[in-house]
Every structure is written in C-alpha cells, then in structure tokens.
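Overview (structure and organization)
Residues per chain are reported as follows:
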Amino acid sequence: MDMQTIGLIGGMSFESSAVYYRMINEAVRAQLGGLHSADILLHSVDFQSIVDLQKAGNWAGAAARLSTVARGLEAAGADCVMICTNTMHLIADDVQTSISVPLIHIVDETALRLKAQGAKRPLLLATRYTMEHGFYTDRMSTHGLDVIVPNADDRTVVHDIIFAELCAGSVRDCSRQRLHDIIERAKAAGADSVILGCTEICLILDPANLSLPGFDSTDIHAQAAVRFALEATPIQNAA
C-alpha cells in the first residue's frame, strides 16, 4: 500500500521524540504486519536553543525557527508535519501558514479523543507555558471543553518536574507521587479526567493508573499521524 510520509519536528525534548518514533512505528507494524515501519522524516532541533527563546518570551523567533524546519520537511517530501511537543503549539498556527501540507495539531486531536470519551472538565498537566499562556485552554474551549489548570504552586511543581527531571531523562517516584497528589486535588475540585499535556509526562504517569481517566497527548498525537499515513484521514483542526 502507499504510505504517506510523516514529518516530525522533534528534539523538544529528545526524550519524548524517541517515544513518538517508537509509538508511530509500533502502530504501523501492528496494522501492516511483518517488518513494516513508518515512512518518517525527523528534524531534531537543539532543545536548548528553543528553551532560550521560551525563557526570553521570543515566540516570534521560535515560530520563525520551527517554520524553517517545517518548510525543510515539506521540501524533503513530508505529506504532513507534526510538532512533537505541546508547548510549541503556541506558535503552531504560524508554522501551519508557512507550509502547504497539513499540520496535525496535538490540541485538536486530544480534544477529539476527550469528547469521544465523554470528558468535559479535564485537568491539564503541562509546562507553565502551556498551562498559563491560554493558547491550549482557549483552543480546547472551541471544542466545548472546560480545562482546569492546577493552582500556582502546583503549576510550578509540574513545570519543574518536566524541565529539571523528565527532559533530562530522570524519572523519580517522589515526583510521580506529587503528580498523583495534584490529580487528587483537581478531582476534589471537579475535574473528570486528566490530560498528560506535556509529551514527556507519559514517561512518569501511566494514564491507565490514575484516579481519573487519563489521556496521553503523545500517544493520541502519534496515533493521529498513523491514521493520516495509512488512511490519509482528514485533519480536523479547529476553525
């Protein structure tokens, strides 16, 4: 069968990019059998350069950088593009306008999965940028979802676990427990589900082992890429 080529913008961090690569290829092999694997183009950026732009609030610079990468992937033959991180979807619209192939949007795909499962008030666990800048919650609201974010202290905890530990390849049981405690507080406040809204959080939390239904955005995003590659499934981005 003909297979579409998936273009991945990775490296943010490479820990989660490795998860994307494994998930996408395992799903293709499971569907096609034998030794089949996905047709992937991966451009892995230097994460420190992106983090420096984030800390400086230079989102225009970040958009320019990732747009250049996206155009390179398209020129190399990618039929779609994916930004392998939730946070950098803050500038996803800029990246999409820079290319003619579809960008598979992690927020839209996650929202569609939540709605299909009947979730309405998910807790968002993510970087500070994703939890606080509004781009994520605003886009979720276009799908009819009322996203809950942790309080200020808990947002700091989640952000620090992501950057100081998970992005550096460190997974600690004490941090896992702190995340479970945050979920319990959100559950008491009315959350009905949990979004693992950072592509590294799947390294420390199992969505099947939470006190609320869990939705792993990394897995959801990867599965969307496989559907596109094998079925050319239309991308349902928000208006």
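Residue numbers here run from 1 along each chain, matching the order of that chain's written sequence. Note on the predicted model: pLDDT of at least 70 is required for a residue's local features to be given, and 80 or more for side-chain atom pairs to be given and counted; whole-chain, interface and lining totals, by contrast, use all residues. Side-chain metrics in this entry use all non-hydrogen atoms of the structure; hydrogen atoms and water are not considered.

**Focus on the overall build of the chain**
- Assigned secondary structure in the chain consists of 10 helices and six strands.
- What the globule rule says is 2.2 Å times the number of residues to the power 0.38, and the radius of gyration is computed from C-alpha atoms. The globule rule puts the C-alpha radius of gyration for 239 residues at 18 Å, and the 17 Å found for the chain is close to it.
- C-alpha extents for the chain along the principal axes are approximately 50 × 40 × 35 Å.
- Working definition: with a 1.4 Å probe on protein chains only, accessible area under 20% of the residue-type maximum means buried, over 50% means exposed, and in between means partly exposed. The buried share of the chain, taken over its 239 residues, is 51%.
- The contact rule is simple, with two residues in contact once any of their heavy atoms fall within 4.5 Å. Put simply, 76% of the contacts in the chain that link residues at least 6 apart link residues at least 24 apart.
- Here the chain displays about 10,000 Å² of accessible surface, and carbon together with sulfur accounts for 48% of that area. Runs of H or I in DSSP of at least four residues are treated as helices and runs of E of at least two as strands, each being numbered from the N terminus. With residues, only the protein chains shown are counted as cover, and all accessible areas are computed by Shrake-Rupley using a 1.4 Å probe.

**Some thoughts on the pattern of salt bridges**
- A pair is scored as a salt bridge if a Lys or Arg side-chain nitrogen falls within 4 Å of a carboxyl oxygen belonging to Asp or Glu. For the structure shown, the criterion picks out 10 salt bridges.
- In this structure, E132 engages R128 in a salt bridge whose closest nitrogen and oxygen atoms are separated by 3.5 Å. Here R128 and E132 lie together in helix α6 (residues 128-132), a separation of four residues that amounts to about one turn.
- For E132, a relative accessible area of 40% translates into the label partly exposed.
- The network of salt bridges with common partners includes D93, D108 and R139.

**With respect to the pairing of strand β5 (residues 193-196)**
- Residues S193 and I195 of β5 are buried on one face, and the alternating residues V194 and L196, pointing to the opposite face, are buried as well.
- Strands are treated as partners if at least two bridges between them are detected by DSSP. When strand β4 (residues 122-125) meets β5, the two strands line up parallel, connected through four bridges. The residue of β5 that forms the bridge with L124 is I195.
- Pairing of β5 with strand β6 (residues 214-216) involves three bridges; the strand directions are parallel. Opposite V194, over in β6, you have G214 as the bridge partner.

**A look at the sheet that holds β5**
- The three strands are arranged β4-β5-β6 in an open sheet whose pairing can be described as parallel. What marks the edges here is a single partner per strand, and that holds for β4 and β6. Going from strand to strand, the sheet's axes swing by 20° on average, the running direction of each strand aside.
- Orientation is described by axes fitted as lines to C-alpha atoms, over the contacting stretch for helices, and by angles from 0 to 180 degrees between their N-to-C directions. Across the sheet, helix α9 (residues 173-188) is in contact with β4 and β5; its angle to β4 comes to roughly 150°.

**Some points on helix α2 (residues 47-55)**
- By the burial criterion, the buried members of α2 are F47, I50, V51 and Q54. Down the axis of α2, the smallest arc covering the buried residues is 100°, so these residues share one side.
- Of the surrounding secondary structure, the elements contacted by the buried residues of α2 are α3 (59-76), α6 and α8 (152-165).
- Backbone geometry just downstream of α2 places G57 in the positive-phi region, at approximately 70°. Here the arc refers to the set of directions running from the helix axis out to each C-beta atom.

**Things to note about the packing of helix α5 (residues 106-116) against helix α10 (residues 217-231)**
- The interhelical angle for the contact between α5 and α10, taken along N-to-C directions, is 100°, at an axis separation of 9 Å. Of the possible angle classes, the one that applies to α5 and α10 is roughly perpendicular. Contacts between α5 and α10 involve I106, E109, T110 and R113 from the first element and S217, I220, H221, Q223, A224 and R227 from the second. Roughly parallel means an angle under 35 degrees; roughly antiparallel, over 145; roughly perpendicular, 65 to 115; everything else is oblique.

**A few points about the packing of aromatic side chains**
- In summary, the pairing rule links any two rings of Phe, Tyr or Trp, Trp by its six-membered ring, whose centres are within 6.5 Å, and it sorts them by plane angle into stacked for under 30 degrees, edge-to-face for over 60 and tilted for everything else. In total, this model carries four aromatic pairs according to the counting rule given.
- Their ring planes at 90° and their centres at 6.4 Å tell us that Y129 and F163 sit as a pair that is edge-to-face. Placement of Y129 in helix α6 and of F163 in helix α8 is noted, with a sequence separation of 34 residues between them.
- Pairing F135 with Y136 gives two aromatic rings, centres 6.3 Å apart and planes at 75°, and the pair type is edge-to-face. In this structure, F135 and Y136 share a single accessibility class: buried.
- A connected cluster of aromatic rings, assembled from ring pairs, spans F47, W59, Y129 and F163.

Just geometry here; none of it tells us what the structure is for.
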